[in-house]
Amino acid sequence: YRQIKRRWCWVLYRKRRVLNTNVGQHIKDRIKKDGNIKLNIGCGEKNYPDYMNIDAVPLEGTDIVMNIPGDLCLIPSNTVIEILLEGVLEHFYRYEQDDLLKECHRILVKEGKLVIKALPDFDSIIDSYLNKKKGDVSAVFDLYEVYRNTHGAPQPHNSPHQLHKDIFNKESVEILLDRNGFKIEDLSSGSSRGVCLGVTARKKRLT
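Now for a description of the structure that goes with this document.

What counts, and at which threshold
- Residues numbered from 1 in each chain as written.
- Predicted model: local features only at pLDDT ≥ 70, side-chain atom pairs only at ≥ 80, totals over all residues.
- Heavy atoms only, no water.
- Salt bridge = Lys/Arg side-chain N within 4 Å of Asp/Glu carboxyl O.
- Helix = DSSP H or I, 4+ residues; strand = E, 2+ residues; numbered from the N terminus.
- Buried < 20%, exposed > 50% of the residue type's maximum accessible area, 1.4 Å probe, protein only.
- Phe/Tyr/Trp six-rings, centres within 6.5 Å; stacked < 30°, edge-to-face > 60°.
- Lys NZ or Arg CZ within 6 Å of the ring centre and 35° of its normal.
- Patch = residues over 30% accessible without salt bridge, like charges linked within 9 Å, V, L, I, M, F, W, Y side chains within 5 Å.
- Areas by Shrake-Rupley, 256 points an atom, 1.4 Å probe, with all protein chains shown as cover.
- Lys, Arg positive; Asp, Glu negative; His and termini not counted.
- Charge placed at Lys NZ, Arg CZ, Asp CG, Glu CD.
- Axes fitted to C-alpha atoms, helices over the stretch in contact; angles between N-to-C directions.
- Parallel < 35°, antiparallel > 145°, perpendicular 65-115°, else oblique.
- Contact = heavy atoms within 4.5 Å.
- Nonpolar A, V, L, I, M, F, W, Y, C, P; charged D, E, K, R; others polar.

### So, the pattern of salt bridges
And step 1. Within this structure, the stated rule accounts for nine salt bridges.
And step 2. The salt bridge partner of Asp34 is Arg30, with a shortest N-O separation of 2.7 Å. With Asp34 and Arg30 both in helix α2 (residues 23-34) and four residues apart, the pair spans about one turn of that helix.
And step 3. Its relative accessible area of 19% is what places Arg30 among the buried residues.
And step 4. A salt bridge links Glu86 to Lys46, with the shortest nitrogen-to-oxygen separation between them at 3.0 Å. Of this pair, Glu86 sits in strand β4 (residues 80-86) while Lys46 sits in the loop between β1 (37-41) and β2 (52-55), and the two are 40 residues apart along the sequence.
And step 5. With relative accessibility at 18%, the residue Glu86 sits in the buried group.

### Some words on the packing of aromatic side chains
And step 1. Using the criterion set out here, one finds three aromatic pairs in the structure.
And step 2. With a centroid separation of 5.6 Å and 10 degrees between ring planes, the pair formed by Tyr93 and Tyr95 is classed as stacked.
And step 3. Residue classification places Tyr93 among the partly exposed residues on the basis of a relative accessible area of 37%.
And step 4. Between the NZ or CZ atom of Lys38 and the centre of the ring of Tyr51, over which it lies, the distance is 4.6 Å.

### A word on a negative patch on the surface
And step 1. Taken together, Asp123, Asp127, Glu171 and Glu174 make up a surface patch of like negative charges.
And step 2. Taken together, the elements giving at least two residues each to the negative patch come down to α4 (122-130) and α6 (170-179).
And step 3. With respect to the helices and strands, Glu171 occurs in helix α6.

### So, the packing of α4 against helix α5 (residues 143-151)
And step 1. Orientation of α4 relative to α5, taken along the N-to-C sense of each, is 175 degrees, at an axis distance of 10 Å. It follows from the interaxial angle that α4 and α5 lie roughly antiparallel. Only Leu143, Val146, Asn149 and Thr150 of α5 make contact with α4, whose side of the interface consists of Phe122, Ile125 and Tyr129.
And step 2. Partitioning the contact of α4 with α5 into residue classes produces five nonpolar, two polar and no charged.

### Considering unusual backbone geometry
Among all residues save glycine, negative phi is the norm, and among peptide bonds the norm is trans.
And step 1. Each neighbour pair has its own omega, and for Ile68 with Pro69 the value is 5 degrees, a cis peptide bond.
And step 2. Assignment of secondary structure puts Pro69 in the loop between β3 (64-65) and β4.
And step 3. Cis geometry is adopted by the peptide bond preceding Pro160, which originates at Ser159 and carries an omega value of 5 degrees.
And step 4. Positive phi, close to 55 degrees, is recorded for Ala118, a residue that is not glycine.
And step 5. Along the chain, Ala118 falls in strand β5 (residues 108-120).
And step 6. In this structure Ala118 comes out as partly exposed when scored by relative accessible area, which is 28%.
And step 7. Even without glycine at this site, Ala153 takes up a positive phi of about 50 degrees.
And step 8. Mapped onto the fold, Ala153 is located in the loop between α5 and α6.
And step 9. The exposure class of Ala153 is buried, given its relative accessible area of 8%.

Interpretation note: all reported values are geometric properties and have no functional meaning in isolation.
Encoded structure:
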């Protein structure tokens, strides 16, 4: 019942409101109300109550629709205490990632937190595919699973947004974040069937 109610609320009311929102004014009002804010960028269907849930397309989890990273310029510098990128970074071409992370760095407060979740780890994906062992996660890791994790397995209803546009491993993530002014506090694997990375980093001063 709750899912049906939420769905009809989205279809009949929330979607129209989200599409008609004055993004710049909404951000100013939220900062005025809450002070420093938290952002869930590329939220998809996941709407977290303590965050401003942002996506480039109007999905059920979306609070405001923004072109990412272009419209992040609407957010004042040093006003965000935490940014969540959950299943997001792989949807940006390599040349776009620096622009996104530089904007994240700009809008975060001093030592603000950047959290990256469910980022496919290419090393773990390949290892799972090549080392199939009964009882292990890799036992079901066929070629489709490789495709799903490296390419996103887009379907007609979510293409091209679902397409993965880059691959990552721990080393590439470390280089990418350091280059854009972030100090990694934790970098671990094991989430999402053991083939994804989770990262917690803090804003540091750009050199």
